[in-house]
Amino acid sequence: QVQLAESGGGLVQAGGSLRLSCVASGKIFSINVMGWHRQAPGKQRELVATITRGGSTDYADSVKDRFTISRDNAKNAVYLQINSLKPEDTAVYYCNADIKIGAYALWSNYWGQGTQVTVSS
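Residues numbered from 1 in each chain as written. Predicted model: local features only at pLDDT ≥ 70, side-chain atom pairs only at ≥ 80, totals over all residues. Heavy atoms only, no water.

Undergrad: Please explain the overall build of the protein as it appears in this structure.
TA: Counting its regular elements, the protein contains 0 helices and 11 strands. Reading the helices (α) and strands (β) of the protein from amino to carboxyl end gives β-β-β-β-β-β-β-β-β-β-β. For the protein, whose C-alpha radius of gyration is 14 Å, the value lies close to the compact-globule estimate of 14 Å for 121 residues. Counting only C-alpha atoms, the protein reaches 50 × 25 × 25 Å along its principal axes. When burial is assessed residue by residue, the protein has 40% of its 121 residues classed as buried. A sequence separation of at least 24 residues applies to 57% of the contacts in the protein between residues at least 6 apart. When the accessible surface of the protein is split by element, carbon and sulfur atoms take 47% of a total near 6,500 Å². On the protein, the mean spot of the 12 positive side-chain charges and the mean spot of the 9 negative ones are 6 Å from each other. (Helix = DSSP H or I, 4+ residues; strand = E, 2+ residues; numbered from the N terminus. Rg over C-alpha atoms; globule rule 2.2 N^0.38 Å. Buried < 20%, exposed > 50% of the residue type's maximum accessible area, 1.4 Å probe, protein only. Contact = heavy atoms within 4.5 Å. Areas by Shrake-Rupley, 256 points an atom, 1.4 Å probe, with all protein chains shown as cover. Lys, Arg positive; Asp, Glu negative; His and termini not counted. Charge placed at Lys NZ, Arg CZ, Asp CG, Glu CD.)

What follows is the structure, encoded as structure tokens:
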């Protein structure tokens, strides 16, 4: 009933930039926190950044100076601007969101399928 779809990944040279997008669709009453995670080959999935409905943000220390998370509540979308890309940023990037499908429903966490970001040196 609810889907999150990421886009914007690709192959980029070190030092370049990318803007990832994620749009939530389906039966959505409200969206609370939205976020981005990433999983590099052979590593555990890690939190990259989160943003509340009101726009408060939080970042992993490793990306704080290069990544910017933003959202458009009217579009049920969250974005991740990635600058000064490094080879170690290579990973599958996933968005997730806490969503209610009705006024009296519980908050549930939904995930997208991920978008691959590959940074060449």
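Undergrad: Would you take a moment to explain the nonpolar core for this structure?
TA: Counting residues in each nonpolar core, the largest one holds 30 residues, and the members touching the most others are L4, W36, F67, I69, V78, L80 and Y93. At 5 residues, the largest contribution of residues to this core is made by strand β9 (residues 91-100). For I69, the contacting residues outside a window of four places in its chain are M34, G35, W36, A49, T50, I51, T57, Y59, V78, Y79 and L80. (Core = buried A, V, L, I, M, F, W, Y, C linked by side-chain atoms within 4.5 Å.)

Undergrad: Before we go on, may I ask you to explain the packing of aromatic side chains in this structure?
TA: For any pair of aromatic rings, the description consists of the separation of the ring centres together with the inter-plane angle of the planes. Overall, the coordinates contain 0 aromatic pairs when judged by the stated rule. Sitting over the ring of Y79, R19 keeps its end group 4.1 Å from the ring centre. Between R45 and the ring centre of Y94, over which it is positioned, the NZ or CZ distance is 3.7 Å. (Phe/Tyr/Trp six-rings, centres within 6.5 Å; stacked < 30°, edge-to-face > 60°. Lys NZ or Arg CZ within 6 Å of the ring centre and 35° of its normal.)

Undergrad: Would you mind showing me how to read the pattern of salt bridges here?
TA: Two side chains of opposite charge can pair, provided their charged atoms sit close to one another. Inspection of the entire model under this criterion finds 4 salt bridges. Across the salt bridge formed by D89 and R38, the nearest N and O atoms sit 2.9 Å from each other. Note that D89 is positioned in the loop between β8 (77-82) and β9 and R38 in strand β4 (residues 30-39), a separation of 51 residues in sequence. Between D61 and K64 there is a salt bridge, with its nearest N and O atoms 3.0 Å apart. According to the relative accessible area criterion, D61 is exposed, its value standing at 67%. Taking relative accessible area as the criterion, K64 reaches 44% and is therefore assigned partly exposed. A network of salt bridges, in which partner residues are shared, links R38, E46, R66 and D89. (Salt bridge = Lys/Arg side-chain N within 4 Å of Asp/Glu carboxyl O.)

Undergrad: Before we go on, may I ask you to explain the state of the cysteines in this structure?
TA: Applying the stated criterion to the full structure yields 1 disulfide. The disulfide partner of C22 is C95, and the gap between their sulfur atoms is 1.9 Å. Disulfide C22-C95: the torsion about the S-S bond is 40°, which places it as right-handed. Here the residue C22 occupies a position in strand β3 (residues 18-26), and C95 occupies one in strand β9, the gap between them amounting to 73 residues. The pair C22 / C95 is uniform in exposure class, with both members buried. (Disulfide = S-S within 2.5 Å.)

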